[in-house]
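Analysis of the macromolecular model
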4 protein chains.
Amino acid sequence: MSPKVTQAYKEEKKAVILEGALHCFTEKGFQATTMDDIVRHLGISKGAIYSYFASKEEMYIQMADDKMNAMLENSTETFKSMPSAADQIRYMYNRFRSQSLTELRKWMAFHLEFMLYAARQPQLTQRWNEYADKALVFIKDIMDGGKLTGEFRSDLDSAAASRLFWSIRDGLALQYMLSGEEADYKRTIDDMESMVFRYIMG
Amino acid sequence: MSPKVTQAYKEEKKAVILEGALHCFTEKGFQATTMDDIVRHLGISKGAIYSYFASKEEMYIQMADDKMNAMLENSTETFKSMPSAADQIRYMYNRFRSQSLTELRKWMAFHLEFMLYAARQPQLTQRWNEYADKALVFIKDIMDGGKLTGEFRSDLDSAAASRLFWSIRDGLALQYMLSGEEADYKRTIDDMESMVFRYIMG
Amino acid sequence: MSPKVTQAYKEEKKAVILEGALHCFTEKGFQATTMDDIVRHLGISKGAIYSYFASKEEMYIQMADDKMNAMLENSTETFKSMPSAADQIRYMYNRFRSQSLTELRKWMAFHLEFMLYAARQPQLTQRWNEYADKALVFIKDIMDGGKLTGEFRSDLDSAAASRLFWSIRDGLALQYMLSGEEADYKRTIDDMESMVFRYIMG
Amino acid sequence: MSPKVTQAYKEEKKAVILEGALHCFTEKGFQATTMDDIVRHLGISKGAIYSYFASKEEMYIQMADDKMNAMLENSTETFKSMPSAADQIRYMYNRFRSQSLTELRKWMAFHLEFMLYAARQPQLTQRWNEYADKALVFIKDIMDGGKLTGEFRSDLDSAAASRLFWSIRDGLALQYMLSGEEADYKRTIDDMESMVFRYIMG
DNA sequence: TATGAATGAGAGTTCATTCAT
DNA sequence: AATGAATGAACTCTCATTCAT
């Protein structure tokens, strides 16, 4: 009856449910996924889900929120230790390269569907933008660092450059969303990287 | 009785219906739009729509098909007369700049939702890819032209470059999908343009 | 403008429409046949049909009525000239034999569906019964004739026997409705015939 | 949680639903009965029905299947103990006699409508024929038994005779479907019986 | 008269959510 | 807290009938 235990248990259970739901949403999309799909996949009852989440929509939003936060958090940690801005950018591209096309596609499907969903709900648009801003600032800080150390050209517009950085990355993901092979994809990331470096360095 | 009149009338009516449906799909999304929404918006009866289109899905696919074709057709025409490859690329960026953010967002919302939809249906994926290939080849031809005239660097990988071209464009549209202002958007296109030229020219 | 011509034309047109409708009803059943089916088959317009018949149902009833009358009429004619009751019965069986299984099945499908339809509408039930009575009386008259001439046994209950006559005939049609081959069918008619004769003769 | 309870409950519920649906189908016919009719009659929700049956059609087929099986099963049991083939046939006629005209009519309405329905769907035709074959074989076995014991004439074509047996029975039901009174009906069964015995015995 | 585009009530079916157990 | 049978509003699609031309 200790509330602490109950609380921990609840958090864990919520996480398990969200994981199962994510699997389904990724497979079929949010709208096309039924509560029955989720329930079947998780092997629990509908009531159980509704005792943790008020609605299918709430699960979705919660899930997207978790994803966004996870991505930002796991970014900031690693970078503290790298002294070179160029290395930090390179590290980002390595991370892009490490994701398989299959993973990328699933990730994008979820990401895009939520974006469309958010575009129609002002409060979600707001939250989404906060997340997008953080991602922009994250790269901008690296760019600014590079300018200070002289690695990047001094007249670089770091705000614009970080926008370009993400544009290229997102656009590439979009390009390979429906077709293309792993090897081509990896090669295009290389090109993307070299183009970006050509742009930010002298 | 005259087939000409009837035929023309039918084509016109189909177009009107598609226009009305597009309006609704853009507003709420394909899945969230009900036939009642469309019917209300158009001020006609349900039966009328179903005598022109077999299903909601058919309308959607027809619509997407029309959009794709329209885009490709209106591209090829204008370019015949331009002698310089650089001018052709510049012309493309001017076209990007001429589209307002509001238009862009509507366009993207439709575009992305259909892409997600297509991703789950093999035959649509197929058709989508054919369209994407044409867009790629269109830019690649320009790049190859520029290499021949010496405008672009001779070691440019035109296939990769055209992929990058579209990646950047699509990514930028994605970036500005949920936030950003007109002026910033235009400026980012400028940056995008200069980055691309930096990459394709010597 | 002569009313006679118009009248004749109308009758002819009605007959053509009913013929086309019958074809469709036989193929798919009354309920499953749409006005579009009929219109397509006939190559005329919906309005045309509605200027001759008030409703799909009216066509159906009219059609069934015509069929019943036709059958009774074409029976009575031929029999006047036959002196022997046994020959008359034999003639009936020959007529049964002359109908192919395919024809029989189509005929039965229409017949049965209308029967079910009529069973739910008192006025149609009434009309159906009048027709059925005529068919019964027709055979009963033959039976009575046979008793008078001594061809059939004198203690024969002609009313009951005619009921049996039709029961056997209808039941056989039912038996072969969904399966069975032409040759078997013909043989079963033979058996049926011999059984009936065994019953009505001494 | 106990599967036994749940399973039993579900079976019972399915039976209740089928019973209610049968009532409606018998009243108005399969096609004319709407899901709303059934729902109203049963006092449950539409969703409830769809959690037990996938479609209106599935209910219908299930129902017809149950009816067929019930009829065959309840036949075979009782006959094991009867030594005389003639008694077995006589027993059948007693069973026919024991069914009231009202029951018979309802039964026939369902039976015939399903037959028409099945006639247009090859797989159902198939299943229907299997059932019909079993009914034929059931009588044929009795006939063969009677030939062996010498009760029936030795040159009897038992296959043909069983076909006739059912033809007469089905045809009689058809005869009395729309008109006729209980007493007449019973009497005609007597005639039918005597005619059949006249035919199968020497 | 004939046409066939248009109507709209009503069909079968789905599924997020509730609540008695 | 967990279950899953039940709900019923909302969905897509059909089709007999009408009526302006």
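Residues numbered from 1 in each chain as written. Chains lettered and ligands numbered in written order. Predicted model: local features only at pLDDT ≥ 70, side-chain atom pairs only at ≥ 80, totals over all residues. Heavy atoms only, no water.

Re the interface of chain A and chain B
Rule in force here: Note on contacts: a residue pair qualifies if any of its non-hydrogen atoms lie within 4.5 Å across the two residues. The quantity reported as buried area is the accessible area (1.4 Å probe) lost by two parts once they are put together, taken as the sum for both. By definition, a salt bridge exists where a carboxyl oxygen of Asp or Glu is found within 4 Å of a side-chain nitrogen of Lys or Arg. Polar contacts, as counted here, are pairs of nitrogen or oxygen atoms within 3.5 Å of one another; within protein the pair requires one atom able to donate a hydrogen and one able to accept it, and residues that are adjacent in sequence qualify only if both atoms are side-chain atoms. In this text, helices come from DSSP runs of H or I with a minimum length of four residues, and strands from runs of E with a minimum of two, each type numbered from the N-terminal end. Polarity classes work like this: nonpolar for Ala, Val, Leu, Ile, Met, Phe, Trp, Tyr, Cys and Pro, charged for Asp, Glu, Lys and Arg, and polar for all others, with Gly in that last group.
Listed per partner, the contact involves 42 residues of chain A and 41 residues of chain B. Summed over both sides, the interface of chain A with chain B buries roughly 3,900 Å², with 64% coming from carbon and sulfur. On the surface where chain A and chain B come into contact, there are zero salt bridges. Summed over the shared surface of chain A and chain B, the result is 13 residue pairs in polar contact (both at pLDDT 80 or more). Take the side of chain A that touches chain B: its biggest share by element is eleven residues, from helix H8 (residues 158-175) of chain A. In terms of residue class, the side of chain A that touches chain B is made up of 22 nonpolar, eleven polar and nine charged.

Considering the interface of chain D and chain C
At the interface, 43 residues of chain D touch 42 residues of chain C. Around 3,900 Å² of area is buried between chain D and chain C when both sides are counted, 64% of it from carbon and sulfur atoms. Our count for the contact surface shared by chain D and chain C stands at zero salt bridges. Taken together, chain D and chain C are joined by 13 residue pairs in polar contact (both at pLDDT 80 or more). The greatest single-element share of the side of chain D that touches chain C, amounting to eleven residues, is contributed by helix H8 (residues 158-175) of chain D. Considered class by class, the residues forming the side of chain D that touches chain C number 23 nonpolar, eleven polar and nine charged.

Topic: the environment of Tyr-199 of chain C
Inspection of the secondary structure puts Tyr-199 of chain C in helix H9 (residues 182-200). Sequence-wise, Tyr-199 of chain C and Arg-90 of chain C are 109 residues apart; in three dimensions their C-alpha atoms are separated by 14 Å. For Tyr-199 of chain C, the contacting residues outside a window of four places in its chain are Arg-153, Leu-156, Ala-161 and Leu-164 of chain C together with Asp-191, Ser-194, Met-195 and Arg-198 of chain D.

Considering the protein's contact with DNA strand E
For clarity, the cut-off: The rule for a residue being near a molecule or strand is that one of its heavy atoms must lie within 4 Å of it.
Near DNA strand E you find 32 residues, and of these Met-35 of chain A, Tyr-9, Lys-13 and Ser-45 of chain B together with Tyr-50 of chain D are the closest. Sugar and phosphate atoms represent 66% of those atoms of DNA strand E found within 4 Å of the protein. The separation between a base oxygen of DNA strand E and a polar side-chain atom of Lys-46 of chain A is 3.0 Å. Between Gly-47 of chain C and DNA strand E, the recorded distance is 3.4 Å, taken from a backbone N or O atom to a base oxygen. When residues of the surface near DNA strand E are traced back to their parent elements, those giving at least two are helix H3 (46-50) of chain A, helix H1 (3-28) and helix H3 (46-50) of chain B, helix H1 (3-28) and helix H3 (46-50) of chain C together with helix H3 (46-50) of chain D. A breakdown of the residues in the surface near DNA strand E according to their chemical character gives eleven nonpolar, 13 polar and eight charged.

Structural notes on the environment of Asp-170 of chain B
Mapped onto the elements, Asp-170 of chain B comes out in helix H8 (residues 158-175). Sequence separation between Asp-170 of chain B and Met-108 of chain B is 62 residues, and the spatial gap between their C-alpha atoms is 9.0 Å. Excluding its chain neighbours within four sequence positions, the residues that come into contact with Asp-170 of chain B are Gly-171, Leu-174 and Gln-175 of chain A together with Met-108 of chain B.

Some words on the protein's contact with DNA strand F
Around DNA strand F lies a shell of 33 residues, among which Tyr-50 of chain B, Met-35 of chain C together with Tyr-9, Lys-13 and Tyr-52 of chain D are the nearest. Backbone sugar and phosphate groups make up 66% of those atoms of DNA strand F lying within 4 Å of the protein. Taking Met-35 of chain C, its main chain carries an N or O atom lying 2.7 Å from a phosphate oxygen of DNA strand F. Mapped onto the surface near DNA strand F, the elements with two or more residues apiece are helix H1 (3-28) and H3 of chain A, H3 of chain B, H3 of chain C together with helix H1 (3-28) and H3 of chain D.

Focus on the relation of the copies chain D and chain C
Each copy of the chain is related to the other by a rotation around an axis and a translation along that axis. What counts here: Alignment of the copies relies on least squares applied to C-alpha atoms, considering only residues that score at least 70 for pLDDT in both.
Overlaying chain D on chain C yields an RMSD of 0.4 Å, the required transformation being a rotation through 179 degrees with an accompanying axial translation of 0.0 Å. Here the copies are linked by what is in effect a two-fold axis. Across chain D, the rotation axis passes nearest the C-alpha of Gly-171 of chain D, at a separation of 1.8 Å. Residue by residue, 98% of the interface of chain D is reproduced at the interface of chain C, so both copies engage with the same surface.

Topic: the UniProt feature "domain: HTH tetR-type" (unreviewed entry) in chain A
How we decide: UniProt positions are given in the numbering used here, feature names are shortened, and annotations may be inferred rather than shown by experiment.
Mapped onto this numbering, the UniProt entry annotates "domain: HTH tetR-type" (unreviewed entry) at residues 11-71 of chain A. Annotation note: span residues 11-71 of chain A, helix share 77%, strand share 0%, distance between end C-alpha atoms 20 Å.

Some details on the relation of the copies chain A and chain B
Mapping chain A onto chain B leaves a residual RMSD of 0.4 Å; the transformation is a rotation of 179 degrees accompanied by 0.0 Å of translation along its axis. Counting the interface residues of chain A, we find that 98% of their copies in chain B are interface residues as well, pointing to one common contact surface.

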